[in-house]
Amino acid sequence: MPRATFNFPAGFLWGTATAAHQVEGNNVNNDWWAWEQEAGHIHDGDLSGKACDWWGGRWREDFDRAQDGWQNTHRFSVEWSRIQPEPDRWDEAALDRYRQMLLGLRERNITAMVTLHHFTNPMWLAEIGGWENEAVVDLFAAYVGRTVEALKSHCQLWVTINEPNVYMNGAYLGDGFPPGKNDQKTALKVLLNMVKAHAAAYQVIHDLQPDAQVGVAHHWRGFQPANKGPLTGYLSKLHHKAFNDAFAHSLKTGKFDAVMLKADVPQAKDTQDFLGLNYYTRDLIKFDLRKSGALFSDRYYPKDALLSETGFLANDPHGFQEAIKWADKFGLPIYITENGCDDSQDDFRRRYLLEHLQAMWHMLTNNIPIKGYFYWTLVDNFEWERGWSQRFGLWGLDPQTQIRTKRKSVDLYAEICRTNAITSEAVEKFAPEVYDIIYLE
Ligand code: BGC
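What counts and what doesn't
Residues numbered from 1 in each chain as written. Predicted model: local features only at pLDDT ≥ 70, side-chain atom pairs only at ≥ 80, totals over all residues. Heavy atoms only, no water. Helix = DSSP H or I, 4+ residues; strand = E, 2+ residues; numbered from the N terminus. Rg over C-alpha atoms; globule rule 2.2 N^0.38 Å. Buried < 20%, exposed > 50% of the residue type's maximum accessible area, 1.4 Å probe, protein only. Lys, Arg positive; Asp, Glu negative; His and termini not counted. Charge placed at Lys NZ, Arg CZ, Asp CG, Glu CD. Pairing = 2+ DSSP bridges. Expected span 1.5 Å × (residues − 1). Contact = heavy atoms within 4.5 Å. Patch = residues over 30% accessible without salt bridge, like charges linked within 9 Å, V, L, I, M, F, W, Y side chains within 5 Å. Areas by Shrake-Rupley, 256 points an atom, 1.4 Å probe, with all protein chains shown as cover. Salt bridge = Lys/Arg side-chain N within 4 Å of Asp/Glu carboxyl O. Near = heavy atom within 4 Å. Polar contact = N/O pair within 3.5 Å; in protein donor to acceptor, adjacent residues only side chain to side chain. Nonpolar A, V, L, I, M, F, W, Y, C, P; charged D, E, K, R; others polar. Phe/Tyr/Trp six-rings, centres within 6.5 Å; stacked < 30°, edge-to-face > 60°. Axes fitted to C-alpha atoms, helices over the stretch in contact; angles between N-to-C directions. Parallel < 35°, antiparallel > 145°, perpendicular 65-115°, else oblique. Left-handed = near helix turned anticlockwise from the far one by under 90°. Core = buried A, V, L, I, M, F, W, Y, C linked by side-chain atoms within 4.5 Å.

### Examining the overall build of the protein chain
The helix and strand inventory of the protein chain stands at 15 helices and 15 strands. Here the protein chain has a C-alpha radius of gyration of 21 Å; the compact-globule value for 441 residues is 22 Å, and the two agree. Seen through its principal axes, the protein chain has C-alpha atoms that stretch 65 × 55 × 45 Å. In the protein chain, which comprises 441 residues, the share counted as buried stands at 61%. When the 46 positive and 58 negative side-chain charges of the protein chain are each reduced to one mean point, those points stand 4 Å apart.

### Concerning the pairing of strand 14 (residues 403-406)
The side chains of a regular strand alternate, first on one face of the sheet and then on the other. Of the strand pairs in this sheet, strand 13 (residues 395-398) and strand 14 are connected by 4 bridges, and their pairing is antiparallel. If you follow Trp395 over to strand 14, its bridge partner there is Lys406.

### A word on helix 7 (residues 136-151)
Compared with an ideal rise of 1.5 Å per residue, which puts 16 residues at 22 Å, helix 7 spans 22 Å between its outermost C-alpha atoms and is within 8% of the ideal. Buried positions along helix 7 lie against helix 4 (80-83), helix 5 (92-107), strand 4 (111-117), helix 6 (123-127), strand 5 (157-162) and helix 9 (184-208).

### Some words on a nonpolar patch on the surface
Nonpolar side chains collect at one region of the surface, where Leu231, Phe287, Leu289 and Phe296 lie side by side and expose about 370 Å² of accessible area between them. Following the sequence through the fold, Phe287 ends up in strand 9 (residues 275-287).

### Side note on the site of the ligand
In the neighbourhood of the ligand, 13 residues make up the surrounding shell, with Gln22, His118, Glu163, Glu383 and Trp384 lying closest. One of the side-chain N or O atoms of Trp384 is found 2.9 Å from an oxygen atom in the ligand. By residue class, the composition of the shell around the ligand is 5 nonpolar, 4 polar and 4 charged.

### Overview of the environment of Leu397
Mapped onto the secondary structure, Leu397 falls in strand 13. Excluding anything up to four places from it in sequence, Leu397 contacts Ala51, Cys52, Val379, Asp380, Trp388, Arg391, Gln402, Ile403 and Arg404.

### Concerning the packing of aromatic side chains
Inspection of every chain in the model, using the stated rule, returns 34 aromatic pairs. With 5.3 Å between their ring centres and 85° between their planes, Trp54 and Phe63 make a pair best called edge-to-face. No difference in accessibility class separates Trp54 from Phe63, as the two residues are buried. Feature note: the residues Phe8, Phe12, Trp14, Tyr373, Tyr375 and Tyr413 constitute an aromatic cluster, connected by ring pairs.

### Focus on the packing of helix 8 (residues 164-172) against helix 10 (residues 230-253)
Close contact between helix 8 and helix 10 brings their axes to 9 Å; oriented N to C, the two are set at 130°. The orientation of helix 8 with respect to helix 10, classified from their angle, is oblique. For the pair helix 8 and helix 10, the crossing hand works out as right-handed. Between helix 8 and helix 10, the contacting residues are Pro164, Asn165, Val166 and Asn169 on the first element and Phe243, Asn244 and Phe247 on the second.

### A short note on the nonpolar core
Ranked by internal contacts, the top residues of the largest apolar core, which has 141 residues, are Trp14, Trp131, Phe140, Met360, Ile370 and Tyr373. When residues in this core are grouped by element, the largest group, 12 residues, is from helix 9. Beyond its immediate stretch of four places on either side in the chain, Trp131 contacts Trp80, His117, Asn121, Val136, Phe140, Ile161, Tyr167, Tyr172, Val190, Asn193, Met194 and Ala197.

### Section: the packing of helix 9 against helix 10
Two elements in contact, helix 9 and helix 10, have axes whose closest approach is 10 Å; the angle formed by their N-to-C orientations is 35°. Note that helix 9 runs across helix 10; the crossing there is right-handed. Taken together, the residues of helix 10 that come into contact with helix 9 (itself represented by Leu191, Met194, Val195 and His198) are Ala246, Phe247, Ser250 and Leu251. Here the contact of helix 9 with helix 10 is composed, by residue class, of 6 nonpolar, 2 polar and no charged.

### Some remarks on the pattern of salt bridges
Per the stated rule, a full pass over the model turns up 37 salt bridges. A salt bridge links Lys196 to Glu134; its shortest N-O distance comes to 3.2 Å. In this pair, Lys196 sits in helix 9 while Glu134 sits in the loop between helix 6 and helix 7, placing the two residues 62 residues apart along the sequence. Residue classification places Lys196 among the buried positions, given a relative accessible area of 17%. The closest approach of N and O atoms between Arg349 and Asp346, which form a salt bridge, is 2.8 Å. The burial state of Arg349 is the same as that of Asp346; both residues are buried.

Here it is as structure tokens:
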């Protein structure tokens, strides 16, 4: 059998990513909690409920799992509705809990990356129009200031906003997030407000902590033309521009261009210290006259694609390389802030993980400055409108009993983190069925 080791650079960060609402439980004061209570919004009527019970203290045992698995970084998010439960009230006890979590990571030698907004909004903000209301820019900056002031001695890596484009699609283009609107004009206004809010937050953080590293977790999705037709080619570019480019480019150029809405945002120019990249999969796209509600676009996975358990995503490591090349155009250090798949059986996951890590390794050998990788996710968590139907965790979770179950990927990923490499020995030991895919016979 061929023997080979794919080594990663010294000091590479290896970890997992999570988000407050998906793991904490009892987040009763935000728009998602309210949304879950209304019938028809979440798959099978699932509720986030206690989630992974991190607010009840189980972050400790899960951080132990991360440490035992040789992870040296963890990305988690703080919940705005806990820190600022009412417009004129700040909850010091909530900030203290987050401080404890950061100390908990430090004790375990795990570098923290904190996300300040991951899809959820305080109820009071939702009631005044949420991200549609331009007042959100100053409100977000105030919340970020208060939070960073409280936590800055324990964290240097900040993600202002998670996946503005996914949030826009979910909440304002009918993809199942609150407030459940489907209106293009409002969607683009929301995206623009997020650019402004990010820019304001970037300044606030640097004023409080000059050596902070601040970025955004950008979700990049591929839209490969399914044929050579000019309309299909045009649509592929249009989706790419509106979904992948609009937000990210404005943070480099200070010009927002989402085709149907353009604006100057000079305050946003050069407001990223690193590029956070979330990659899951790529679509094929083609012109389809019947799909008027979806910009006349049909999107699907190739016939021969290997799909995840629920058919949610296709295993497409070449798409990951395309995403990394896109990220590299910004000339910044790159963190892979999310990458992962749904698979309760943990067969697909080991293949997906290894192929994506190998693809990432190739990009590193081209001198692309990738600094770390965060697998999504540590323990099964509440997957938004898909409820508990999808299992993205290295560890399985029964949300009723809170019992965690070790999946095979735990040991595979631990070995990669420990050795800072993909070794043929580890693949043979922990994922023998993937061996022939990773190593040529
Ligand atoms: C989100 C996560 C989510 C994951 C898998 C990403 O778009 O940032 O919150 O759980 O996808 O669905």
